[in-house]
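One-letter residues, chain by chain:
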Amino acid sequence: MSAFIIDGKAIAAKINEETRLEVEKFRAAHGRVPALAVILVGDDPASQVYVRNKVTTCEKLGIASKMIALDADTDEKTLLDKIAELNADDAVDGLLVQSPVPRQIDEYRVIQAISPDKDVDCFSEVNVGKLLVGRERGIMPCTPYGVLELLRRSGISCRGKHAVVIGRSNIVGKPMAALLMQKLPEADATVTVVHSSTPDIATYTRQADIVIAAIGKPRFVKGDMLKKGATVIDVGINRIFDEKLQKNRLVGDVDFDEAVEVAGAITPVPGGVGPMTIAMLMRNTLVAANLRCK
Ligand code: GUN
């Protein structure tokens, strides 16, 4: 029997519609709309696509957006000065620098330079700290929060379940684990984190009720690594050359064709987690705008 396919595109569209209505309310209350500034340094083609998607989604939801494109040879000081200018700009609610940045720039310093109240990626130490403490529910990490929303809106509870997160990145793995273990109705899971140095990852994933794959390796999770009926969330976006099709295509970190036969529910790539990340970025921009107006 084939698994239930979780339609991230449809769920993200629903969330975006909710955000659009909230943006209208914000405009009525404050006489302006929330605004997001996105800085792109260099000409990485994938980053250009991601940034364009962010800007178009802003337009659809009535959020103002500003795209700042800087040359690939931009030095760190120029970028930090630009961030300082946008931090001080009252018309800007959310600010992000698209990752990766060119080698001459220290990404850590760039992230910490963004004012935490505008850090809509939730990458700064202050916001990651707030996430771990779990007291405030303001700006949330986009992809991990998107995963929780996908599960909640698909009627899949995490409470008391064993969730295995594959990957320990600052963008996905670590905040995903932190969120899943929170004492919240949509989380409350028992969490295991495995990564590139874990021997025999399958030992862990076979015990998982929920597998979240964010390891950046194409089709890493095979059908025989899963427990029958498990929920499989694929965060991976890998561009591979498909020998059969003789062209490039996107695949996740999960071998979908195998996993779909074992899992109870699964996200596809594309059309699973991807659209949720942008939907959560839009939500964060609205949240940041509301918090700044308090
Ligand atoms: N590059 C890949 N994912 C992301 C993200 O979520 N935010 C930013 N700023 N850059 C990224």
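The preceding data block contains the structure.
A brief report on the enclosed structure follows.

Parameters at a glance
- Residues numbered from 1 in each chain as written.
- Predicted model: local features only at pLDDT ≥ 70, side-chain atom pairs only at ≥ 80, totals over all residues.
- Heavy atoms only, no water.
- Pairing = 2+ DSSP bridges.
- Helix = DSSP H or I, 4+ residues; strand = E, 2+ residues; numbered from the N terminus.
- Contact = heavy atoms within 4.5 Å.
- Axes fitted to C-alpha atoms, helices over the stretch in contact; angles between N-to-C directions.
- Salt bridge = Lys/Arg side-chain N within 4 Å of Asp/Glu carboxyl O.
- Buried < 20%, exposed > 50% of the residue type's maximum accessible area, 1.4 Å probe, protein only.
- Near = heavy atom within 4 Å.
- Polar contact = N/O pair within 3.5 Å; in protein donor to acceptor, adjacent residues only side chain to side chain.
- Areas by Shrake-Rupley, 256 points an atom, 1.4 Å probe, with all protein chains shown as cover.
- Nonpolar A, V, L, I, M, F, W, Y, C, P; charged D, E, K, R; others polar.
- Patch = residues over 30% accessible without salt bridge, like charges linked within 9 Å, V, L, I, M, F, W, Y side chains within 5 Å.
- Lys, Arg positive; Asp, Glu negative; His and termini not counted.
- Charge placed at Lys NZ, Arg CZ, Asp CG, Glu CD.

1. Some thoughts on the sheet that holds strand β7 (residues 210–213)
- Pairing within the open sheet is parallel, and its six strands lie in the order β1-β11-β8-β7-β5-β6. The open sheet terminates on both sides in strands that have one partner only, identified here as β1 (4–5) and β6 (190–194).
- Across the sheet, helix α7 (residues 173–180) lies against β5 (162–166), β6 and β7, angled at about 170° from β5, the strand it touches most.

2. Looking at the pattern of salt bridges
- Here the structure, examined in full by the defined rule, presents 21 salt bridges.
- Linking arginine 152 and glutamate 149 is a salt bridge whose minimum nitrogen-to-oxygen distance equals 2.9 Å. Within this pair, arginine 152 and its partner glutamate 149 are both found in helix α6 (residues 142–153), separated by three residues, close to a single helical turn.
- For arginine 152, a relative accessible area of 42% translates into the label partly exposed.
- A residue is classified by how much of its surface remains accessible, and glutamate 149, at 5% relative accessible area, is buried.
- The partner of lysine 227 in a salt bridge is aspartate 209, with the nearest N and O atoms 2.7 Å apart. One end of the pair, lysine 227, is in the loop between β7 and β8 (231–234); the other, aspartate 209, is in the loop between α8 (201–205) and β7, and 18 residues separate them in sequence.
- For lysine 227, a relative accessible area of 31% corresponds to the partly exposed category.
- For aspartate 209, a relative accessible area of 25% gives the class partly exposed.
- Taken together, the shared-partner salt bridges in this structure form one network comprising Lys14, Glu18, Glu149, Arg152 and Arg153.

3. A short note on the site of the ligand
- Surveying the vicinity of the ligand reveals the residues Lys54, Leu96, Val97, Gln98, Ser99, Asp121 and Phe123.
- Taking aspartate 121, its side chain carries an N or O atom lying 2.7 Å from a nitrogen atom of the ligand.
- For the ligand, whose accessible area on its own is 270 Å², the fraction buried by protein is 81%.
- Classifying every residue of the shell around the ligand gives three nonpolar, two polar and two charged.

4. A look at a negative patch on the surface
- Taken together, the side chains of Asp43, Asp44, Asp71, Asp73 and Asp75 define an acidic patch exposed on the protein surface.
- Take aspartate 44: it is sitting in the loop between β2 (35–41) and α2 (45–61).
- Under the relative-accessibility criterion, aspartate 44 is labelled partly exposed at 34%.

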